[in-house]
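One-letter residues, chain by chain:
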Amino acid sequence: MTVTYVIEGSRVTGLEQFWKVIGEAVNGPGGYFGRNLDALADCLGGGMGTPDDGDFVFEWRDHALSARALGHEETARHLRRRLERVHPTNRPATRRRLDEALAGRGPTLFDLIVEILADGTTPGTLRLD
């Protein structure tokens with residue numbers, strides 16, 4: 001039987017709130033389901049936190065609201081914080097991505113998250129409502 005995890009897009013007001021919303025969708029109140037993009041991909045790909053039943057779907061309701069909240073502005077905010085912590089060899093690439101986000105170009109956090117959730121190599125699937 002397919003398990004449906006609902007992401008309430010109206011509750012996603014930024015990246016930190018997204019982590020809370022998806023964690024609660026999968027594991028109930030206070031639940032954890034990653035706190036960065038690599039952890040999210042790991043949770044979906046069989047790593048720690050992967051749902052027990054491989055037959056699941058994410059239903060992202062009001063996803064257009066989330067797309068705005070996780071748009072270029074939030075992407076730039078996220079990249080500014082990463083730039084402070086990233087390994088020196090990765091700073092130029094991170095800086096370029098930040099410049100693109102500040103200019104309103106390039107993939108947003110929403111785009112990256114959707115790509116991870118919709119990746120055909122993971123057991124689940126994604127429905128955008």
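Above this text sits the structure in question.
Scope of this entry: the structure provided in the associated data block. (Residues numbered from 1 in each chain as written. Predicted model: local features only at pLDDT ≥ 70, side-chain atom pairs only at ≥ 80, totals over all residues. Heavy atoms only, no water.)

**Topic: the packing of helix α2 (residues 37-44) against helix α6 (residues 109-118)**
Taken N-terminus to C-terminus, the directions of α2 and α6 make an angle of 15 degrees; their axes are 9 Å apart at the nearest point. Relative to α6, the element α2 is oriented roughly parallel. Crossing hand, α2 versus α6: right-handed. In this structure, α2 contributes Leu 37, Leu 40, Ala 41 and Leu 44 to the contact, and α6 contributes Leu 112, Ile 113, Ile 116 and Leu 117. Taken together, the residues that form the contact of α2 with α6 break down as 8 nonpolar, no polar and no charged. (Axes fitted to C-alpha atoms, helices over the stretch in contact; angles between N-to-C directions. Helix = DSSP H or I, 4+ residues; strand = E, 2+ residues; numbered from the N terminus. Parallel < 35°, antiparallel > 145°, perpendicular 65-115°, else oblique. Left-handed = near helix turned anticlockwise from the far one by under 90°. Contact = heavy atoms within 4.5 Å. Nonpolar A, V, L, I, M, F, W, Y, C, P; charged D, E, K, R; others polar.)

**A closer look at the packing of aromatic side chains**
A ring pair, where both rings are aromatic, is described by two values, the distance of the centres and the angle of the planes. Evaluation of the coordinates by the stated rule reveals 7 aromatic pairs. Between Phe 18 and Trp 19, the ring centres sit 5.1 Å apart and the planes meet at 65 degrees, which makes this aromatic pair edge-to-face. No difference in accessibility class separates Phe 18 from Trp 19, as the two residues are buried. Ring centres 6.0 Å apart and planes at 45 degrees place the aromatic pair Phe 33 and Phe 58 in the tilted group. Residue Phe 33 is found in the loop between α1 (15-27) and α2, and its partner Phe 58 is found in strand β2 (residues 56-61); the two are separated by 25 residues along the sequence. Among the residues examined, Phe 33 registers a relative accessible area of 0% and is labelled buried. Put simply, the rings of Tyr 5, Phe 33, Phe 56 and Phe 58 touch in pairs and so form one group of aromatic residues. (Phe/Tyr/Trp six-rings, centres within 6.5 Å; stacked < 30°, edge-to-face > 60°. Buried < 20%, exposed > 50% of the residue type's maximum accessible area, 1.4 Å probe, protein only.)

**Topic: the layout of surface pockets**
Estimates place the volume of the largest pocket at around 310 Å³. In this structure, the largest pocket is lined by 13 residues; those nearest its centre are Asn 36, Leu 37, Asp 38, His 78 and Arg 82. Listing elements by their share of the lining of the largest pocket, those giving two or more residues are α1, α2 and α4 (72-85). Counting residues per element, the lining of the largest pocket draws most heavily on α4, at 4 residues. Tallied by class, residues from the lining of the largest pocket come to 4 nonpolar, 2 polar and 7 charged. (1 Å grid on protein atoms, 1.4 Å probe; cavity = no way out; pocket = protein on both sides within 12 Å on 5 of 7 lines; lining within 4 Å. Points joined across faces, edges and corners; volume = space filled by probe spheres on them.)

**Details of the packing of α4 against helix α5 (residues 91-102)**
One can describe the packing of α4 onto α5 by two numbers: an axis separation of 8 Å at closest approach and a directional angle of 160 degrees. Relative to α5, the element α4 lies roughly antiparallel. In the packing of α4 onto α5, the handedness of the crossing is left-handed. Of the residues in α5, those touching α4 at His 72, Thr 75, Ala 76, Leu 79, Arg 80, Arg 82, Leu 83 and Glu 84 are Arg 91, Thr 94, Arg 95, Arg 97, Leu 98, Ala 101 and Leu 102. For the contact of α4 with α5, the residue count by class is 6 nonpolar, 3 polar and 6 charged.

Just geometry here; none of it tells us what the structure is for.
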